[in-house]
Amino acid sequence: MTSSPYEGLEPGAFWRTGVSEVRRFPPAGLYQARFAIPRDLPVLTAGSCFAQHVGRALVRNGFNVIDTEPLPDRIANRYVALSQKFGYGLYSARYGNIYTMRQFLQLLRESQGVFEPAEPVWERDGRFFDAMRPSVEPAGLASPELVKTARTAHLAAIREALSQAGLIVFTLGLTEAWQHIESGTVYPTAPGTIAGEMDDTIFGFVNFRAAEIREDFLALRDLVRAVNPDMRFLLTVSPVPLTATASGQHVLPATIYSKSVLRAVAGELYEDFEDVDYFPSYEIIAAHPSEGSFFEENMRTVSARGVRRVMRAFLAAHGGEDIDGETAPAIAASPDEDEDLVCEEALLEAFNK
Amino acid sequence: MSRLLVLGSSHVAAMKQAAGAFCAECRDIELSFFAMAAPNFRLGRVGKRGVFAPHLRSRVDRDFIENVNGARTIDLTTFDHILVVGFRFSLSDLAWLLMDHDILEGSDTGKALHCSEAFAQACIDQLVARELSLVTNCLGQNRNYILTDAPYPAVSIAARSEEYAPARALSAFMAHPDAPVLFEYWQKAVSSAVEGAGYRWLPQPADTVAAPFGTNADFSRDAAHIGGGGMDTADHRHMNADFGLKMLQAVSMDILENVPDTA
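Residues numbered from 1 in each chain as written. Chains lettered and ligands numbered in written order. Predicted model: local features only at pLDDT ≥ 70, side-chain atom pairs only at ≥ 80, totals over all residues. Heavy atoms only, no water.

Side note on the overall build of chain B
Working step 1: Within chain B, the regular secondary structure consists of 9 helices and 12 strands.
Working step 2: In terms of overall size, chain B behaves like a compact globule, its C-alpha atoms giving a radius of gyration of 19 Å where 263 residues would be expected to give roughly 18 Å.
Working step 3: C-alpha atoms of chain B, sized along the principal axes, occupy 55 × 40 × 35 Å.
Working step 4: Each of the 263 residues in chain B was classed as buried or not, and the buried ones make up 53%.
Working step 5: Partitioning the contacts of chain B with sequence separation of at least 6, the portion at a separation of at least 24 is 74%.
Working step 6: Summing over all exposed atoms, chain B offers an accessible surface of approximately 11,000 Å²; the carbon and sulfur share of this is 49%. (Helix = DSSP H or I, 4+ residues; strand = E, 2+ residues; numbered from the N terminus. Rg over C-alpha atoms; globule rule 2.2 N^0.38 Å. Buried < 20%, exposed > 50% of the residue type's maximum accessible area, 1.4 Å probe, protein only. Contact = heavy atoms within 4.5 Å. Areas by Shrake-Rupley, 256 points an atom, 1.4 Å probe, with all protein chains shown as cover.)

Examining the sheet that holds strand 4 (residues 167–172) of chain A
To summarise the sheet geometry, strands pair through backbone hydrogen bonds and adopt either a parallel or an antiparallel arrangement.
Residue and element names in this part refer to chain A.
Working step 1: The sheet built from 4 strands is open, its strands ordered 1-4-8-9 with parallel pairing. Sheet topology places strand 1 (43–47) and strand 9 (276–278) at the edges, where each strand pairs with a single neighbour. On average, each strand axis in the sheet is tilted by 20 degrees relative to the strand beside it, whichever way the strands run.
Working step 2: Pairing of strand 8 (residues 232–237) with strand 9, which is carried by 3 bridges, proceeds in the parallel orientation. Residue pairing for strand 9: Phe 233 is matched across the bridge by Val 276.
Working step 3: Across the face of the sheet, helix 7 (residues 210–227) comes into contact with strand 4, strand 8 and strand 9 while running at roughly 150 degrees to strand 8. (Pairing = 2+ DSSP bridges. Axes fitted to C-alpha atoms, helices over the stretch in contact; angles between N-to-C directions.)

Concerning the nonpolar core
Nonpolar side chains in soluble globular proteins generally cluster together in the buried interior.
Working step 1: One finds Leu 7, Phe 52, Leu 94, Phe 119, Leu 139 and Trp 186 of chain B to be the most contacted residues of the largest nonpolar core, which totals 61 residues.
Working step 2: Elements supplying a minimum of two residues to this core: strand 1 (2–8), strand 6 (81–85), helix 5 (92–100), helix 6 (117–139), strand 9 (145–148), helix 7 (165–175) and helix 8 (179–196) of chain B.
Working step 3: Ranked by residue count, the leading element in this core is helix 6 of chain B, at 12 residues.
Working step 4: In this view, Leu 7 of chain B contacts Val 12, Phe 34, Met 36, Phe 41, Phe 52, Ile 74, Leu 76, Ile 82, Leu 83, Val 84 and Val 85 of chain B; residues no more than four positions away in its chain are not counted.
Working step 5: If you look at the next biggest cluster of nonpolar residues, it comprises 45 residues, including Ala 51, Ile 66, Tyr 95 and Phe 217 of chain A. (Core = buried A, V, L, I, M, F, W, Y, C linked by side-chain atoms within 4.5 Å.)

Some points on the packing of aromatic side chains
Working step 1: Scanning the model with the defined rule gives 25 aromatic pairs over all chains in all.
Working step 2: Here the aromatic rings of Phe 219 of chain B and Phe 243 of chain B are separated by 6.0 Å at their centres, their planes lie at 70 degrees, and the arrangement is edge-to-face. Taken as a pair, Phe 219 of chain B in the loop between strand 12 (214–215) and helix 9 (241–255) and Phe 243 of chain B in helix 9 lie far apart in primary sequence, 24 residues in all. Accessibility assignment for this pair places Phe 219 of chain B and Phe 243 of chain B in one class, buried.
Working step 3: Among the aromatic side chains, those forming a connected cluster through ring pairs are Tyr 31, Phe 63, Phe 279 and Phe 314 of chain A.
Working step 4: Positioned above the aromatic ring of Phe 63 of chain A is the side chain of Arg 39 of chain A, whose terminal nitrogen or guanidinium carbon lies 4.1 Å from the ring centre. (Phe/Tyr/Trp six-rings, centres within 6.5 Å; stacked < 30°, edge-to-face > 60°. Lys NZ or Arg CZ within 6 Å of the ring centre and 35° of its normal.)

Regarding the packing of helix 5 of chain B against helix 6 of chain B
Residue and element names in this part refer to chain B.
Working step 1: Two numbers describe how helix 5 lies on helix 6: the axes approach to 9 Å, and their chain directions differ by 155 degrees. It follows that helix 5 is roughly antiparallel to helix 6 by the angle criterion. The handedness of the crossing between helix 5 and helix 6 is right-handed. Contacts between helix 5 and helix 6 involve Asp 93, Leu 94 and Leu 97 from the former and Phe 119, Ala 120, Cys 123, Ile 124, Leu 127 and Arg 130 from the latter.
Working step 2: Classifying every residue of the contact of helix 5 with helix 6 gives 7 nonpolar, no polar and 2 charged. (Parallel < 35°, antiparallel > 145°, perpendicular 65-115°, else oblique. Left-handed = near helix turned anticlockwise from the far one by under 90°. Nonpolar A, V, L, I, M, F, W, Y, C, P; charged D, E, K, R; others polar.)

What about the pairing of strand 5 (residues 176–180) of chain A?
All names here are of chain A.
Working step 1: With 4 of 5 residues buried, strand 5 is to be regarded as a mostly interior element.
Working step 2: Of the strand pairs in this sheet, strand 5 and strand 7 (residues 203–207) are connected by 5 bridges, and their pairing is antiparallel. Within the sheet, the bridge partner assigned to Glu 176 lies in strand 7 and is Asn 207.
Working step 3: By the bridge criterion, 2 bridges tie strand 5 to strand 6 (residues 186–187) in an arrangement that is antiparallel. Along strand 6, the bridge assignment pairs Trp 178 with Tyr 187.
Working step 4: Adjacent in sequence and paired antiparallel, strand 5 and strand 6 are bridged by 5 residues, among which Gly 184 carries a positive phi angle near 85 degrees.

A closer look at the confidence of the model for chain A
Working step 1: Here chain A averages 90 in pLDDT, and 90% of its residues register 70 or above.
Working step 2: Taken as a whole, residues 321–340 of chain A scores under 50 in pLDDT and shows 36 contacts with residues more than four places along the chain or in a different chain. (pLDDT = per-residue confidence, 0-100.)

Quick word on the interface of chain A and chain B
Working step 1: The interface is formed by 19 residues belonging to chain A together with 19 residues belonging to chain B.
Working step 2: Contact between chain A and chain B buries roughly 1,700 Å² in total, counting both sides, with carbon and sulfur atoms accounting for 66%.
Working step 3: Looking only at chain A, the three residues that lose the most surface to chain B are Arg 74, Tyr 79 and Leu 82 of chain A, adding up to 31% of its buried area.
Working step 4: Our count for the chain A to chain B interface comes out at 2 salt bridges.
Working step 5: For the pair chain A and chain B, the interface holds 8 residue pairs in polar contact (both at pLDDT 80 or more). (Buried area = accessible area lost by both parts, 1.4 Å probe. Salt bridge = Lys/Arg side-chain N within 4 Å of Asp/Glu carboxyl O. Polar contact = N/O pair within 3.5 Å; in protein donor to acceptor, adjacent residues only side chain to side chain.)

Observations regarding unusual backbone geometry
Residue and element names in this part refer to chain A.
Working step 1: Along the chain, Phe 25 connects to Pro 26 via a cis peptide bond; the corresponding omega equals 5 degrees.
Working step 2: By the secondary structure assignment, Pro 26 is in the loop between helix 1 (15–20) and strand 1.
Working step 3: Despite not being glycine, Glu 291 shows a phi value in the positive range, around 50 degrees.
Working step 4: Mapping Glu 291 onto the fold places it in the loop between helix 9 (281–286) and helix 10 (304–317).

Describing the side chain of Ser 2 of chain B
Residues and elements named next belong to chain B.
Working step 1: With respect to the helices, strands and loops of the structure, Ser 2 is situated in strand 1.
Working step 2: Of the residues examined, Ser 2 reaches a relative accessible area of 16% and is grouped as buried.
Working step 3: For Ser 2, the contacting residues outside a window of four places in its chain are Asp 28, Ile 29, Glu 30, Asp 80 and His 81.

Looking at a nonpolar patch on the surface
All names here are of chain A.
Working step 1: A cluster of nonpolar side chains, namely Tyr 6, Leu 9 and Phe 14, defines an oily patch on the protein surface of about 310 Å² accessible area.
Working step 2: By the secondary structure assignment, Tyr 6 is in the segment before helix 1.
Working step 3: Classification of Tyr 6 as exposed rests on a relative accessible area of 56%. (Patch = residues over 30% accessible without salt bridge, like charges linked within 9 Å, V, L, I, M, F, W, Y side chains within 5 Å.)

Structure below.
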């Protein structure tokens, strides 16, 4: 006589005992860390806007987050919003938001000298921008040469970050991107959004499929493991919906599609590789049990409360059980923290006139 | 006869020391002083009736202010002009930035990191705005105020570089090849912000400046303390009677357009 395979499973395996009858959300046991993250393990952070929350929380809670393009503490502490506006203190180097796996792969390849982006300098009103991170100099620079000089130093900083890192925390943000048609170079923003000019004979839209994202990750994994064979990965999916879609679909199904693809890829990578962990920030914020309560009124921006809940779940699994997000100022986002987030994607809203 | 009040922090002392010499030059200006420690001054308030009240943290503060000035508050409405000294639109933050960053558009001094000139300028804009908010909170609407910055540190502060990190940062800034450009930007930013808020701005006299954000060390020798006596020789931030006289002369000539009697 065979009993049901569901018999004896943990309460978390059942919707009723794992979700609907649990008084606290996110429920305990939602995330069980695959591997520990020692506080002294050098962590490289990257990803879409939401990754900024993750990075900050890690720093506040004493994790060893790498920053190879730091400001002096005095400047970083006194000019927080300004520094972030120029790309300082957001991630392990000043690369700004990295929305797609392809963009991340390109960046690491470029840092290793095996990739060269096409059309790397964009112009606007006589000022010049790094097309691969156009937001880090909000007013651009005076010449293309200065952009190149800055990028050379930036790539060295990325190499340094990669050489230090033992863990890469990456937040998958988007499947949609704009690319240079001939070379396949992918950019973080559409040409013409921050700088540059849209020319549909040069640039085209791409909506990466799951298989492509997986392949990109595998190539990236090979690359970083060549630098550090013990490198581990912690993947998350951003719960932040698309500001706009160029897919031709309505933005809501386009968002669900995009997030579903990213979630599926992350899930399979978790299944396939012991060095990959997945943290369900997406589920905590965006799944229906939270009834949208972790979003601001625009139903897009994640609220400070939502960030606290996410980080509480993360810290509970990584030795942060002594920190209560509701009471500890250490991880409590400031009321205006969301306004501090640097998110080029939000600029698309400006085009919705 | 014009009544000029010098109101502010410990930097008032240099002008008080110079009062005798100045009054001999400008007999039609009557000088008064009201001074206190910087925290008492910068967080003080001018009330609706025009009375300045220092920010008191303790009885010690209150007693000190009373001992120095003979009063705890001062009525500003009885003065034709009020020279305010003690706010500091300090470039120290920039000095710290340049300790390990070169300016991308500027000189390569071998620093491991760089930042853009736009970032440095944005920092200046922010530090100026931050200090200006203190100024407006303290002084309120204009009452014939003439603002001047606390003196730039003396270039001799470099002597303390080994044992005092701020001295190391400041002296490095003064010698930095890009400091003149940033200093000029800062001067314009301060002047524009202060005048934009409705006050008059008096820059530190050019002949007292020996380096970007650095005062000629001659002016820091024998600097006086507002409570009496002299400043520590390791101070390098407070100036002497010669400096005070330069400041008063600048007020008289540049702001009040008064030619000294000795001319």
